[in-house]
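Report on the structure
Each chain, letter by letter, is given below.
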Amino acid sequence: MAEPLIELKDIYKIYQMGTEEVRANDGITLTIDRGEFVAIVGKSGSGKSTLMNIIGALDVPTSGSYLLGGEDVDQMSDDQLAEIRNRMIGFIFQQYNLLPKSNLLENVELPLLYAKLPKEERQERAMQSLERVGLAEKWKNHPGQLSGGQQQRVSIARALAGNPSLILADEPTGALDSKTSRDVLDFLKELNNEGNTIVMITHDSSVAKEARRVVRIHDGKINFNGDVNDYAAIIQAGN
Amino acid sequence: MLQSFKLAIKSIWSNKMRSFLTMLGIIIGVASVIILVSLVNAYMSYMTESFSSLGTNQITVNMVNLPSRSVSVDEMYRFYEEHTEEFSHMTPVVSVSGTVKNGNDSMSATSINGVSEDYLGLKDWELQYGRTIQYADIMARQKVCVIGAYVANELYGSAEKAYDETIKVNGYAFKVVGVAEQQEDAMEDGGSDDFLWMPYSCAVKMARNANINNYTFAISDLSHATEYKTLIEDFLYEKFKNEDLYTVTAMSEMLDSLNSMIAMVSAGLGGIAGISLLVAGVGVMNIMLVSVTERTREIGIRKALGAKRSVIMQQFVIEAAVTSSIGGVIGILLGSLTTSAVGAVAGLNATPTPAAVIVSFSVSVGIGLLFGYMPASRAAKLNPIDALRSE
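Not measured: the values here are computed from a predicted model. The residue numbering used here restarts from 1 in each chain and proceeds along that chain's sequence as written. For this description, chains carry letters from A and ligands carry numbers from 1, given in the order in which they are written. Totals for whole chains, interfaces and linings use every residue, but because this is a predicted model, local features are given only for residues with pLDDT of at least 70 and side-chain atom pairs only at 80 or more, for both listing and counting. Remark: hydrogens and water are excluded; side-chain values derive from all non-hydrogen atoms of the structure.

**Looking at the overall build of chain B**
Quick note on the threshold: Counting from the N terminus, the helices are the DSSP runs of H or I reaching at least four residues and the strands are the DSSP runs of E reaching at least two. Accessible area is worked out with a 1.4 Å probe on protein chains only. A residue is then buried under 20% of its type maximum, exposed over 50%, and partly exposed in between. Any two residues having at least one pair of non-hydrogen atoms within 4.5 Å are treated as being in contact. For every accessible area listed, the method is Shrake-Rupley and the probe measures 1.4 Å; residues are considered covered only by the protein chains on display.
Counting secondary structure elements, chain B contains 14 helices and 13 strands. Expressed as a percentage of its 391 residues, the buried residues of chain B come to 48%. Of the contacts made within chain B by residues no fewer than 6 positions apart, 79% connect residues no fewer than 24 positions apart. Carbon and sulfur atoms provide 57% of the accessible area of chain B, an area that totals close to 18800 Å².

Listed below in structure tokens is the structure:
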């Protein structure tokens, strides 16, 4: 029985640009169940980043309701958002976003630190996470000493450390070459097969095809929402 | 909290140059507060001490005796005897300029005064040899004298050898009947130990002046100095009918005005140093703002991963406070060392005042907190999306 993790209903995000009104998200309704691997695809300016910020609890919608794991996120304060991000979401960014002056262990520990876990537990879980991505022996290194692919693996380890309900990957392969991209995508698939819910934002249709479901955003609206095979078919048809 | 301290120290350490420049303002500010206040204090206590050695319980009277209006020694004594409750001692003081000699050795800076038998008691000094000048000496104009330890040492080698010897004052032979205890640790020409006292009757004769113009009173109660001074003034006014013909000076009043003057100077200098601390605070704020801007991305990452406002806030405030406290400690060390060094060179007993240390340290920490607050709250309020987007 599928249990919804993300429930977006009539989400509007409207920016005021001078006198002009920009509807970055123009009435989005979307449900993502636990255990799904969904790609949100769209061109730049389509509103997919805005949607990702809202799903990631980095921002709140102008109107509409957003339930994340049954919790009402759309009216939360800054600190409440920080708290729910910490508890529910593991972020994987395009630019990795690791702290350059901290070593890998400290980087992976960071979400656990803000979850106020005791030091021993923090380090144990961070090490497990690093092991998971095959970088445990490099825990003393700093991000700058690693390749891009390795850094992305560290950021995946950091996303996993908090054992989140949702892994939110923003262009996870955007800064990587095709081989390391392949590795990262395979790893995400593996995580999904283990039961993790993954939402991946990308502009690249070929990357989107790695997911099980694809949601395409155009001009702030969803214009495709369906199985990856159907998506592949319409792409094939040149649409 | 502990984590924030570690982070702060790490951040300060990884930006050594910048942190040091930030601290420099605090260091200079704190050091200058300590140096100025401590040195002024040392100077103040030095001044106070030298004034006290002159006798804070003394009131000196100077007058101009005219042929038509004058106050005689007898009249002064009568006044004194009427007011023995207020005044514990009184003596005429007749200064004689000249040199003292023993054989070919002579001293010219020695202060030679004709005084009464009361003078030793007035000074509250002791003799190490012999006796002081007595009433009979004054009546008989005996050529006897009491000399200071320095004079005894210089002219005879020791107090013991000087005793009962003859000393020449401007060619007149005087017998040394007493040698006073040493007053100063380091005796020198013109110092407190370089003196000769003789009966004032002899001094009057040597000075070829019929009238005695100077008197010194010792008061019994310091807290009434001004009151007793007025008493003398009233008496003199009655005699002279003209305020310009006499001056009455209470040492304690001079000390008071000296103290208040020094306190004012001290406050003024402290204030200027305080302003430099304030400027240093603005420096801290400036650097912290730069630091926040520089680390916008880091703040974004931390916030995205679940850092609450208070956590970010704490991190930056603590960093500012730690920076300025380290600066404060260095400033205290530097200030204390400089104070001692300058004190040693200037011959002052200068130690950093605890008050100056405590105040300047807490001010520097306070400045760190105060001026760190604004940048920190700016950091805490950053939107994680914007912060992550910045390069």
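**Description of the overall build of chain A**
Each helix and strand counted, chain A has eight helices and 10 strands in total. For chain A, the residues scored as buried account for 52% of the 239 residues in total. Sequence-distant contacts in chain A: of pairs separated by 6 or more residues, those separated by 24 or more amount to 66%. Surface accessibility of chain A: about 10600 Å² in total, with carbon and sulfur atoms responsible for 46%.

**Examining the packing of helix H12 (residues 309-346) of chain B against helix H13 (residues 354-380) of chain B**
All names here are of chain B. Rules: The convention used is that axes are lines fitted to C-alpha atoms, helices contributing only their stretch in contact, and that angles between N-to-C directions extend from 0 to 180 degrees. An angle below 35 degrees is treated as roughly parallel, one above 145 as roughly antiparallel, one from 65 to 115 as roughly perpendicular, and anything else as oblique. By convention the crossing between two helices is left-handed if the near helix lies anticlockwise of the far one by an angle smaller than a right angle, and right-handed if it lies clockwise.
Across the interface, H12 lies against H13 with an axial gap of 7 Å and an inter-helix angle of 150°. Regarding the angle of H12 to H13, the classification is roughly antiparallel. Handedness of the crossing formed by H12 with H13: right-handed. Contacts between H12 and H13 involve Arg309, Ile312, Met313, Phe316, Val317, Ala320, Ala321, Ser324, Ser325, Gly328, Val329 and Ile332 from the first element and Val357, Phe361, Ser364, Val365, Gly368, Leu369, Gly372, Tyr373, Ala376, Ser377, Ala379 and Ala380 from the second.

**Quick notes on the pattern of salt bridges**
Short version of the rule: Salt-bridge detection follows one rule: a side-chain nitrogen of Lys or Arg within 4 Å of a carboxyl oxygen of Asp or Glu.
In this structure the tally under the stated criterion is 27 salt bridges over all chains. A salt bridge links Arg213(A) to Glu36(A); its shortest N-O distance comes to 2.8 Å. Of this pair, Arg213(A) sits in strand E9 (residues 213-218) while Glu36(A) sits in the loop between strand E2 (20-33) and strand E3 (37-41), placing them 177 residues apart in sequence. For the residue pair Arg213(A) and Glu36(A), the accessibility class agrees, reading buried in each case. Lys303(B) serves as the salt-bridge partner of Asp78(A), at 3.1 Å between the closest nitrogen and oxygen. With Asp78(A) in helix H2 (residues 78-88) and Lys303(B) in helix H11 (residues 296-304), the pair connects residues from two separate chains. The class for Asp78(A) is partly exposed, based on a relative accessible area of 25%.

**Some remarks on helix H8 (residues 200-207) of chain B**
Residue and element names in this part refer to chain B. Counting buried positions over the eight residues of H8 gives six, a clear majority of the element. When we look at burial in H8, the residues that qualify are Tyr200, Ser201, Cys202, Ala203, Val204 and Met206. Directly after H8, the chain includes Arg208, whose backbone phi takes a positive value near 55°.

**Considering the interface of chain A and chain B**
Accessible area lost upon the coming together of the parts is a frequently used measure of interface size. Note the cut-off: Buried area: the accessible surface (1.4 Å probe) lost by two parts on joining, summed over both. Think of a polar contact as two N or O atoms within 3.5 Å of one another; within protein, one of them needs to be a possible hydrogen donor and the other a possible acceptor, and neighboring residues in sequence only count if both atoms come from side chains.
Contacts between the two partners involve 25 residues from chain A and, on the opposite side, 23 residues from chain B. For the pair chain A and chain B, the summed buried area comes to about 2000 Å², and 57% of that belongs to carbon and sulfur atoms. Our count for the contact surface shared by chain A and chain B stands at three salt bridges. Our enumeration of links across chain A and chain B arrives at nine residue pairs in polar contact (both at pLDDT 80 or more). Of all elements in the fold, only H2, helix H3 (104-114) and helix H4 (119-132) of chain A reach the threshold of two or more residues within the side of chain A that touches chain B. Per-element accounting of the side of chain A that touches chain B gives the leading share, six residues, to H2(A).

**Brief notes about the nonpolar core**
Keep this limit in mind: By nonpolar core is meant a set of buried Ala, Val, Leu, Ile, Met, Phe, Trp, Tyr and Cys residues that side-chain atoms within 4.5 Å join together.
In this structure, Ile147(B), Ile167(B), Phe217(B) and Leu236(B) are the most contacted members of the largest nonpolar core, which totals 67 residues. In terms of residues, this core owes the most to one element, helix H9 (residues 225-240) of chain B, which gives six residues. Those residues in contact with Ile147(B) that lie beyond four places of it in its chain are Ala152(B), Tyr156(B), Ala162(B), Ile167(B), Val176(B), Gly178(B), Val179(B), Ala180(B), Phe195(B) and Leu196(B). Judged by nonpolar contacts, the second largest core, of 65 residues, contains Leu30(A), Ala57(A), Ile26(B) and Val37(B).

**Comments concerning the sheet that holds strand E5 (residues 71-72) of chain A**
Residues and elements named next belong to chain A. The condition that has to hold: Two strands pair if DSSP finds at least two bridges between them.
Pairing in this open sheet of four strands is antiparallel, and the strands run E2-E1-E4-E5 from one edge to the other. The strands lining the two open edges of the sheet, one partner per strand, are E2 and E5. Inspection of the sheet shows strand E1 (residues 4-17) paired to E2 by 11 bridges, in the antiparallel sense. If you follow Met17 over to E2, its bridge partner there is Glu20.

**Focus on the sheet that holds strand E1 (residues 58-63) of chain B**
Within a sheet, each strand pairs with its neighbour through backbone hydrogen bonds, oriented either parallel or antiparallel. Residues and elements named next belong to chain B. The four strands lie next to each other as E2-E12-E1-E13, forming an open sheet whose pairing is antiparallel. What marks the edges here is a single partner per strand, and that holds for strand E2 (87-92) and strand E13 (246-250). Sheet twist, expressed as the average angle between the axes of neighbouring strands with direction ignored, equals 15°. In terms of strand pairing, E2 meets strand E12 (residues 214-219) through five bridges, oriented antiparallel.

**As for the packing of aromatic side chains**
Residue and element names in this part refer to chain B. Our working definition: Aromatic contacts are taken between Phe, Tyr and Trp rings whose centres are within 6.5 Å, Trp giving its six-membered ring; a plane angle under 30 degrees counts as stacked, one over 60 as edge-to-face, and the others as tilted. Over a ring means this: the NZ of a Lys or the CZ of an Arg is within 6 Å of the ring centre and within 35 degrees of the ring normal.
Tallied over the entire structure, the rule returns 14 aromatic pairs over all chains. Centre to centre, the rings of Tyr119 and Trp197 are 4.8 Å apart; their planes meet at 80°, and the pair counts as edge-to-face. Of the two residues, Tyr119 sits in helix H4 (residues 119-123) while Trp197 sits in strand E11 (residues 195-199), which places them 78 residues apart along the sequence. Residues Tyr119 and Trp197 agree in their burial class; the two are buried. Arranged with centres 5.6 Å apart and planes meeting at 45°, the rings of Trp125 and Phe195 form a pair that is tilted. In this pair, Trp125 sits in the loop between H4 and strand E7 (127-130) while Phe195 sits in strand E11, placing the two residues 70 residues apart along the sequence. The same class applies to Trp125 as to Phe195, namely buried. The ring of Trp13 is capped by Lys16, whose NZ or CZ atom sits 4.8 Å from the centre of that ring.

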